[in-house]
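Here is how the chains run, residue by residue.
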Amino acid sequence: MKILHKVYTKKFTGTMSKDTILLKDEMTGITYYTRGTKKGAISFYFRANGKTHRFSSGKRDLKEAVAVANEAKRNAERGKPAQSITFAKAGKMYLEYKSARVKPKTLNDYQRNVDFAAEFFGKKDLKDINNKALDALVDYRRNYYELNPEKATFTYKRNGKTIEGRKHDDNISHRTINFLANVVVAVMKYAHERHGYIESSDIPKWHQLKENKRDDFIDEKDMLKMRDYYLSRKNFFYANLIPFIFYSGVRPMSEVNRILWSDIDMEKRCIYVRNRKSKNRVKNTAVPMHDRLKDIIIQMRELTYNGDDSQNVFVRKNGIVVKDIKKSFKSALLKCKLDPTYTPYHLRHGYATFALTKLKLPIERVAIIMGHVDFKMVNEVYGHLREEGLINENDLAYSEALEAGRISQWVPDRNIEEFME
């Protein structure tokens, strides 16, 4: 076998940009490479019968990948048809593959959409699911509750009885449609790259629909109305939690429940938030502790702190961590006569506006504090405030905010692991 022994990196102008070439087998015409800088499974491609075939070997060892590639090329040259498989079976394999790679909630979302697509496609062979079939699935999803009125109402069990709840919204959002279509494409890519059931040309193309992001938010006045409601009921946990989310911009409740007493630095007036995920990247950031946040932390310390710095800041008096606040939040909205479609996440949106208009922070700094990799999303949703002259992006404004006591200094280059020791 005549090969190029040297391992090198070559930048391509096409889809293989920055792939690392491991081996070019001049005898068989197969090229082996890894995707980007990741040391994952080895992929390969070759020409056969006038077509370029690309696969993932599913192997990290080069010798094992060569065996897989040689078999794939022999099958392609003989015109051997790909193994028949239904979408339901491929979807099940895909979910098993993703189960160790995503959070349970995300896996649930995948499961629901795989089940929906499997119900629609039935026993249709995977290679027969083309652009036309994907469009038909999308149309079916848009009209699902009209076609299946018996499934349009939520039902649940209580004391052995079946209770009917609210009805599903007939207006299916573009986000829901995009998610479904993307899951179908992901299943088919998995079946192609990991198992070679179909060719890359069999995978349908999906053009993302424009999603109408909700850019409204709970303002400070309404947030304080909710806080006062909880105070009137002597529910001090929620009376502090709701303002904390609004004034810090952390994600409820995933990030809130990661904040321990060891993450509170009263001297530097910082709250360290660990393992914040944004665009598949995880990072640690510091939230400036302005006076309103400081007051909340002091109150929670009086309510729940037992001397153990490894304890969560936001716990009930009995030490229980609350994972979901949607039910209590919805009840408070109704009692305060606020928009019942608000969610706890709208408090985070409220922080962005509060930081930009009241604290006068530059939009780039707000994005960092909120845990974003860049400020594109924040700029897209709140950039109009800049045009209205409400945002001052100069560092001078940030310094003035520091001097006025509206926020306190934070140290972005501080080693958070050292802080948590």
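Preceding block: the structure.
Quick notes on the rules
- Residues numbered from 1 in each chain as written.
- Predicted model: local features only at pLDDT ≥ 70, side-chain atom pairs only at ≥ 80, totals over all residues.
- Heavy atoms only, no water.
- Helix = DSSP H or I, 4+ residues; strand = E, 2+ residues; numbered from the N terminus.
- Buried < 20%, exposed > 50% of the residue type's maximum accessible area, 1.4 Å probe, protein only.
- Axes fitted to C-alpha atoms, helices over the stretch in contact; angles between N-to-C directions.
- Parallel < 35°, antiparallel > 145°, perpendicular 65-115°, else oblique.
- Left-handed = near helix turned anticlockwise from the far one by under 90°.
- Contact = heavy atoms within 4.5 Å.
- Core = buried A, V, L, I, M, F, W, Y, C linked by side-chain atoms within 4.5 Å.
- Phe/Tyr/Trp six-rings, centres within 6.5 Å; stacked < 30°, edge-to-face > 60°.
- Expected span 1.5 Å × (residues − 1).
- Polar contact = N/O pair within 3.5 Å; in protein donor to acceptor, adjacent residues only side chain to side chain.
- Salt bridge = Lys/Arg side-chain N within 4 Å of Asp/Glu carboxyl O.
- Pairing = 2+ DSSP bridges.

Attention now goes to the environment of Ser254. Inspection of the secondary structure puts Ser254 in the loop between α8 (236–248) and β8 (264–265). Take Ser254: its relative accessible area is 38%, and that puts it in the partly exposed class. Sequence spacing of Ser254 and Arg276 is 22 residues, and the spatial spacing of their C-alpha atoms is 9.1 Å.

On to the packing of α8 against helix α11 (residues 345–357). Contact pair α8 / α11: the axes reach a minimum separation of 6 Å and the direction vectors enclose 45 degrees. If you check the angle between α8 and α11, you find them oblique. Of the two possible hands of crossing, α8 and α11 adopt the one that is right-handed. Along its contact with α8, which presents Ile242, Ile245, Phe246, Tyr247 and Ser248, the element α11 presents Leu347, Arg348, Gly350, Tyr351 and Phe354.

What follows deals with the nonpolar core. Leu241, Phe244, Ile271 and Phe314 are the most contacted members of the largest nonpolar core, which has 52 residues in total. Going through the elements one at a time, α7 (220–232), α8, β9 (270–278), α9 (291–304), α10 (326–335), α11 and α12 (363–369) are the ones with two or more residues in this core. Beyond its immediate sequence surroundings of up to four residues, Phe314 is in contact with Phe237, Asn240, Leu241, Phe244, Val256, Asn257, Ile296 and Met300. Counting residues in each nonpolar core, the second largest holds 37 residues, with Leu95, Ala133, Tyr140 and Ile172 among its members.

Here we take up the side chain of Ser56. Mapped onto the secondary structure, Ser56 falls in strand β5 (residues 51–56). By relative accessible area, Ser56 is classed as buried at 10%. Setting aside chain neighbours within four positions, we find Ser56 in contact with Ala41, Ile42, Ser43, Phe44, Glu193 and Arg194.

Evaluated as defined, the whole model comprises 24 aromatic pairs. Aromatic side chains Tyr32 and Phe44 sit 6.2 Å apart centroid to centroid with 45 degrees between the ring planes, which places their arrangement in the tilted category. Taken together, the residues Tyr32 in strand β3 (residues 30–34) and Phe44 in strand β4 (residues 43–48) connect sequence positions twelve residues apart. Accessibility expressed as a relative area gives 0% for Tyr32, which makes it buried. With centroids separated by 5.9 Å and ring planes inclined at 25 degrees, the aromatic side chains of Tyr110 and Phe179 adopt a geometry described as stacked. Taken together, the residues span a long stretch of sequence, with Tyr110 in helix α3 (residues 104–121) and Phe179 in helix α6 (residues 174–195) at a distance of 69 residues.

So, about helix α1 (residues 62–78). In an α-helix, one full turn covers 3.6 residues, which means residues spaced three or four apart are oriented alike. A rise of 1.5 Å per residue sets the reference length of α1, with its 17 residues, at 24 Å; its end C-alpha atoms lie 24 Å apart and thus fit the reference within 8%. All of the buried residues along α1 are Ala65, Val66, Ala69, Asn70, Ala72, Lys73, Asn75 and Ala76. Buried positions along α1 lie against β2 (20–25), β3, β4 and β5. One side-chain oxygen of the residue at the start of α1 lies 3.1 Å from the amide nitrogen of Lys63, identifying that residue as Asp61.

Next up on the list: the pattern of salt bridges. Under the counting rule described, the total for this entry stands at twelve salt bridges. Of the charged contacts, one joins Lys151 and Glu119 as a salt bridge, the two residues approaching to 3.9 Å between their closest N and O atoms. In this pair, Lys151 is assigned in the loop between α5 (144–147) and β6 (153–158) and Glu119 in helix α3, connecting sequence segments 32 residues apart. The salt bridge involving Arg269 is made with Asp291; its shortest N-O contact spans 2.5 Å. Pair noted here: Arg269 is in the loop between β8 and β9 and Asp291 is in helix α9, with a separation of 22 residues, a long-range link. Here the salt bridges share partners, and the residues they tie into one network are Glu220, Arg292 and Lys358.

So, on to the pairing of strand β7 (residues 161–167). Across the seven residues of β7, zero count as buried, placing the element largely on the outside. With five bridges joining them, β6 and β7 adopt antiparallel strand pairing. Note that in β7 the partner of Lys157 across the bridge is Thr162. Between the antiparallel neighbours β6 and β7 lie two residues, among them Asn159 with a positive phi of about 55 degrees.

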